[in-house]
Amino acid sequence: MEIRRTTPADKEEVLALYEAARRFMAENGNPNQWVNGYPGADQLEADMAAGGSYVCVREGKIVGTFYFAVGDEPNYHRITGGNWLNDRPYGVVHRITSAPGTHGVASFCLAWCFAQCGNIRIDTHRNNIPMQKTLEKNGYRVCGTIYLENGDERIAFQKDQ
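Residues numbered from 1 in each chain as written. Predicted model: local features only at pLDDT ≥ 70, side-chain atom pairs only at ≥ 80, totals over all residues. Heavy atoms only, no water.

Visitor: I'm lost on the packing of aromatic side chains in this one. Help?
Guide: Geometrically, a pair of aromatic rings is defined through the distance of the ring centres and the angle of the planes. For the coordinates displayed, the defined rule picks out eight aromatic pairs. With 5.7 Å between their ring centres and 85 degrees between their planes, Y18 and W34 make a pair best called edge-to-face. On the criterion of sequence distance, the pair formed by Y18 in helix α1 (residues 11-27) and W34 in the loop between α1 and α2 (41-49) is long-range, its members being 16 residues apart. Pair check on accessibility: Y18 and W34 agree, each one buried. Three or more aromatic residues joined by ring pairs form one cluster here, namely Y54, F66, F68 and W112. When the ring centre of Y67 is taken as reference, the NZ or CZ atom of R95 above it lies at 5.2 Å. (Phe/Tyr/Trp six-rings, centres within 6.5 Å; stacked < 30°, edge-to-face > 60°. Helix = DSSP H or I, 4+ residues; strand = E, 2+ residues; numbered from the N terminus. Buried < 20%, exposed > 50% of the residue type's maximum accessible area, 1.4 Å probe, protein only. Lys NZ or Arg CZ within 6 Å of the ring centre and 35° of its normal.)

Visitor: So what exactly am I meant to see when it comes to the packing of helix α3 (residues 105-116) against helix α4 (residues 129-137) here?
Guide: If you want to describe how two helices pack, look at the angle between their axes and the distance between the axes. For the pair α3 and α4, the least separation of the axes is 10 Å and the interaxial angle reads 50 degrees. Relative to α4, the element α3 lies oblique. Two packed elements cross with a definite hand, and for α3 against α4 that hand is right-handed. Residue-level contacts link A106, S107 and L110 of α3 to T134, L135 and K137 of α4. (Axes fitted to C-alpha atoms, helices over the stretch in contact; angles between N-to-C directions. Parallel < 35°, antiparallel > 145°, perpendicular 65-115°, else oblique. Left-handed = near helix turned anticlockwise from the far one by under 90°. Contact = heavy atoms within 4.5 Å.)

What follows is the structure, encoded as structure tokens:
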């Protein structure tokens, strides 16, 4: 597998991955994380414009996608029920998903992000058990609870060197 930046030609494939992820979450006890078409074309275009949208490619086919950037995440300024592991500069991962029927894609993407910046923060919905298990399997530790701009809470994870 390889990671590369998302291009405009990838848009429909990435949007299809988001749609498949929304279905998977809704069918597996997490119907409230990605709702109302989020993430959609506008979010993808913003991620691409920011230079943070990536795809994971295996044998010429896009099998995963995510957002990654090194820098401050405003939603991470307030954490309750715990603390971040450190205050050093960090990378953040958002909107990570893989194609139905694939295995190891999320772990590959997380390892790639960690190789770019050995201090990663990520969050997920309380009901997103598959993502929580993936994060824990990859050495991420629960740090507490963060709150999105709209007030929704998310479990905060971090991994450092």
